[in-house]
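# Working through the structure, step by step
Each chain is listed here by its residues.
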Amino acid sequence: MLLSKSFIPILKNNPSEAKIKSHQLMLRVGMMKQASAGIYSWLPLGFKVMKKIEEIVRQEQNKIGAQEILMPTIQSSEIWKESGRYEDYGEEMLRIKDRQNREMLYGPTNEEQVTEIFRSSLKSYKSLPQLLYHIQWKFRDEIRPRFGIMRGREFYMKDAYSFDISDEEAFYSYNKFFLSYLRTFKRLSLTAIPMAADTGPIGGNLSHEFIILAETGESKIFTDKRIFDLNTNETELEKNSLEQMRKKYEQYYSVTDEKFNKDEFEKVVSEENRLITKGIEVGHIFYFGDKYSKAMGASVDLPGGKKDFVKMGSYGIGVSRLVGAIIEAKYDDKNEIMKWPLSVAPYDIALVPMINKNDTSALDKAININKELIKNNIDSLIDDTEENFSSKIKKMNLIGVPYQIIIGKSSEGDLLEFKEIGKETQNLSLTKIIETIKKQKNSN
Ligand code: ATP
Ligand code: MG
């Protein structure tokens, strides 16, 4: 892609209305644009990143055997009246009337909708377990939408739902999602820590929030540092291994402020391991048993001829919030340098030729290099503008494409000036550069 033809409206300075670095950067490099309070249009750069995050989330859901569906954004109030949440949800729910005067709503979450789908389709324990998910826009009329897409009113969420025959089986499903979340955030190059959490309006008795550390986060957290050293790479999708994996995390005190208890914290965590800080909630999983299935009559036939309500859990990931969360984790705002993890970068590599009116040989060279890159499925952004070199580099450092090739007038021969943002420049052949990037891509 040629920069001159791309829709990347860059601002000279940080917009004054943005208070945190992700909001600043997203406006600065034109990743999104506010449409109205808490509602955003996604422009090419931001949209590419979000779609890549979505795809990683999807792959990790599929890996644990969850099946993708798509439920509508607009729901009927009827099912919410059955669960009792039509009243309870309060002012955060956007309520709409259609032309027949029917009460509709823009879904803030989908427990009711998915329970309705389940109860009208499956009747036997033999069909269990079922893990269903969708990735869809949500609307919550947040009292204080802020920090850009971090706390929007309209936002993009992956929400999954599990249906099981017993508590024991349901915990197994819960643990599958627990593992899948750890894997997902790792592929996004984030360290997300599972923390015991309150269940809030979803209800229920077992719940974890997945939180990444950030000074600008809205969740206060209290944790035993040692939890950061844990790893889950080799965990199998088998009942016992998953249970042990969750126990490994749960052995360390790690909670958000709703669950915080000072005496307990000081009793179980030695002083040198205590960490009190702030974080961003990027995912939240809940087990709530038959809360919805009972209220809405979602039951299955059991082996002995009896019936029982299915045991359910729900599992959310804030896909649009993750775009901001990755920026909070990776953007060095003092030096104005962003580096996207390659797994979600808007482009794999930036080509920066030095150009002036009389001499476009460096641009020609960039275009030739790009032909090779395309053959190898490497997506590049070529700065074909005639700006001076240092402003070109400044701009690319803000956009955050992780790799750069700098093509000077004098660059001849086979070796190219190759740079990974934040590291030293190397002289490498194009073949070697392609190999490096492909290897990095495959490792994710
Ligand atoms: P929060 O505590 O941040 O308000 P929540 O607990 O209400 O979030 P959940 O119902 O657990 O949110 O939703 C699942 C995920 O959706 C959250 O972990 C978060 O990543 C994301 N999310 C929730 N609300 C918003 C929002 N207003 N804007 C962007 N993402 C959101
Ligand atoms: Mg939550």
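Bear in mind that the values here come from a model prediction, so they are computed numbers and not experimental data. Per chain, residue numbering runs from 1 following the sequence as it is written. Here every chain gets a letter starting at A, and every ligand a number starting at 1, in the order they are written. In keeping with the model being predicted, local features are shown solely for residues with a pLDDT of at least 70 and side-chain atom pairs are shown and tallied solely at 80 or more, while totals for entire chains, interfaces and linings include all residues. With hydrogens and water stripped out, all remaining heavy atoms of the structure feed into the side-chain values.

### Comments concerning helix α1 (residues 21-28)
In this scheme, a residue with accessible area under 20% of its type's maximum is buried, one over 50% is exposed, and one in between is partly exposed, where area comes from a 1.4 Å probe on protein chains only. Put simply, DSSP marks the helices as runs of H or I at least four residues long and the strands as runs of E at least two long, and each gets a number from the N terminus on. Counting buried residues in α1 gives 7 out of 8 residues, a clear majority hidden from the surface. Burial in α1 covers these residues: Ser22, His23, Gln24, Leu25, Met26, Leu27 and Arg28. Tucked into the core, α1 has its buried residues touching β1 (32-36), β2 (39-42), α10 (319-330) and α12 (389-399). Trailing α1 by a residue or two, Gly30 shows a phi angle of about 65 degrees, which is positive. The contact definition used throughout considers only heavy atoms, calling two residues in contact when any of these lie within 4.5 Å.

### Regarding the site of ligand 1
Each residue is tested against the molecule or strand, and it is near if at least one of its non-hydrogen atoms lies within 4 Å. Taken together, 14 residues surround ligand 1, and among them Glu142, Arg151, Gly152, Glu281 and Arg321 come closest. Gly152 places a main-chain nitrogen or oxygen 2.8 Å from a nitrogen atom of ligand 1. Site definitions follow a grid-based scheme: protein atoms alone, a 1 Å grid, a 1.4 Å probe that fits but cannot get out for cavities, and for pockets an open set with protein on both sides within 12 Å along at least five of seven lines, plus lining residues having an atom within 4 Å of a point. A molecule is said to be in a cavity or pocket once over half of its atoms fall within 2 Å of that pocket's grid points. More than half of the atoms belonging to ligand 1 lie within 2 Å of the grid points that define the largest pocket. When residues of the shell around ligand 1 are traced back to their parent elements, those giving at least two are β8 (154-164) and β13 (274-289). Per-element accounting of the shell around ligand 1 gives the leading share, 4 residues, to β13. Looking at the shell around ligand 1 residue by residue, the class counts come to 5 nonpolar, 4 polar and 5 charged. By the criterion applied in these results, polar contacts are pairs of N or O atoms within 3.5 Å in which, for protein atoms, one can donate a hydrogen and the other can accept it, and in which residues neighboring in sequence qualify only through two side-chain atoms. Gly is placed with the polar residues, together with every amino acid not listed as nonpolar (Ala, Val, Leu, Ile, Met, Phe, Trp, Tyr, Cys and Pro) or charged (Asp, Glu, Lys and Arg).

### What about the pairing of strand β20 (residues 415-420)?
On β20, burial follows the alternation: Leu416, Phe418 and Glu420 on one face are buried, whereas Leu415, Glu417 and Lys419 on the facing-out side are not. Inspection of the sheet shows strand β19 (residues 403-407) paired to β20 by 4 bridges, in the antiparallel sense. Counted as the bridge partner of Gln404 is Lys419 from β20. Strands are treated as partners if at least two bridges between them are detected by DSSP. Of the strand pairs in this sheet, β20 and strand β21 (residues 425-429) are connected by 5 bridges, and their pairing is antiparallel. In the strand pairing of β21, Leu415 is matched with Ser429. Connecting β20 to the next strand, β21, in antiparallel fashion are 4 residues, including Gly422 with a positive phi near 85 degrees.

### A few points about the coordination of the magnesium ion (ligand 2)
With distances of 2.2 to 2.3 Å, the protein atoms coordinating the magnesium ion (ligand 2) are Glu281 (OE) and His284 (ND1). Note on His284: relative accessible area 12%, which makes it buried. Only nitrogen, oxygen and sulfur atoms qualify as donors, provided they sit within 2.8 Å of the metal or within 3.2 Å for Na, K and Ca; with water excluded from the atoms, sites may seem incomplete.

### Remarks on empty space enclosed by the protein
Grid points are joined across faces, edges and corners, and a volume is the space filled by probe spheres set on the points. In this structure the tally under the stated criterion is 1 cavity of 30 Å³ or more. By volume, the largest cavity amounts to about 30 Å³. Lining the largest cavity, in full, are Ile39, Tyr40, Trp42, Trp137, Ile149 and Glu154. When grouped by side-chain class, the residues that make up the lining of the largest cavity number 5 nonpolar, no polar and 1 charged.

### As for the pairing of strand β16 (residues 311-318)
Buried residues dominate β16, accounting for 8 of its 8 residues. As defined by bridge partners, β8 adjoins β16 across 8 bridges and the pair is classed as antiparallel. Opposite Asp159, over in β16, you have Gly316 as the bridge partner. Relative to β16, β13 is paired through 6 bridges, and the arrangement is antiparallel. Along β16, the bridge assignment pairs Gly283 with Ile317.

### Remarks on the domain arrangement of the chain
Bear in mind that the domain bounds are from an automatic or database domain assignment. Entries for the chain in the domain assignment read domain 1 (21-332) and domain 2 (347-442). Its C-alpha centre places domain 1 at a distance of 39 Å from the equivalent point of domain 2. Taken residue by residue, the interface counts 7 residues in domain 1 and 5 residues in domain 2. Only one rule defines a salt bridge in this text: a Lys or Arg side-chain nitrogen within 4 Å of an Asp or Glu carboxyl oxygen. One can count 1 salt bridge joining domain 1 with domain 2. Summed over the shared surface of domain 1 and domain 2, the number is 1 residue pair in polar contact (both at pLDDT 80 or more). If one sorts the elements of the side of domain 1 that touches domain 2 by residue count, helix α2 (residues 44-63) sits on top with 3 residues. When the residues that make up the side of domain 1 that touches domain 2 are grouped by side-chain class, the tally is 4 nonpolar, no polar and 3 charged.

### What about the sheet that holds strand β4 (residues 74-76)?
If you walk across this open sheet you meet the 3 strands as β4-β6-β5, and the pairing is antiparallel. At either margin of the open sheet sits one strand with a lone partner, and together these are β4 and β5 (94-97). Shown here is a sheet whose adjacent strand axes are inclined to one another by a mean of 40 degrees, direction ignored. Across 4 bridges, the pairing between β5 and strand β6 (residues 103-106) is antiparallel. From the neighbouring strand, Lys97 faces β6, where its bridge partner is Glu103. Whenever a helix is involved, its axis is fitted only over the stretch in contact; in every case the axis is a line through C-alpha atoms, and angles between N-to-C directions fall within 0 to 180 degrees.

### A closer look at the packing of aromatic side chains
Aromatic pairs are defined between Phe, Tyr and Trp rings, using the six-membered ring for Trp, whenever the two ring centres lie within 6.5 Å; interplanar angles under 30 degrees are classed as stacked, those over 60 as edge-to-face, and all others as tilted. Tallied over the full model, the rule gives 18 aromatic pairs. Aromatic pair Phe178 and Phe210: ring centres 5.5 Å apart, planes at 70 degrees, arrangement edge-to-face. With Phe178 in helix α6 (residues 167-187) and Phe210 in strand β10 (residues 206-213), this residue pair connects regions lying 32 residues apart in the sequence. For the pair shown, Phe178 and Phe210 are each scored as buried.

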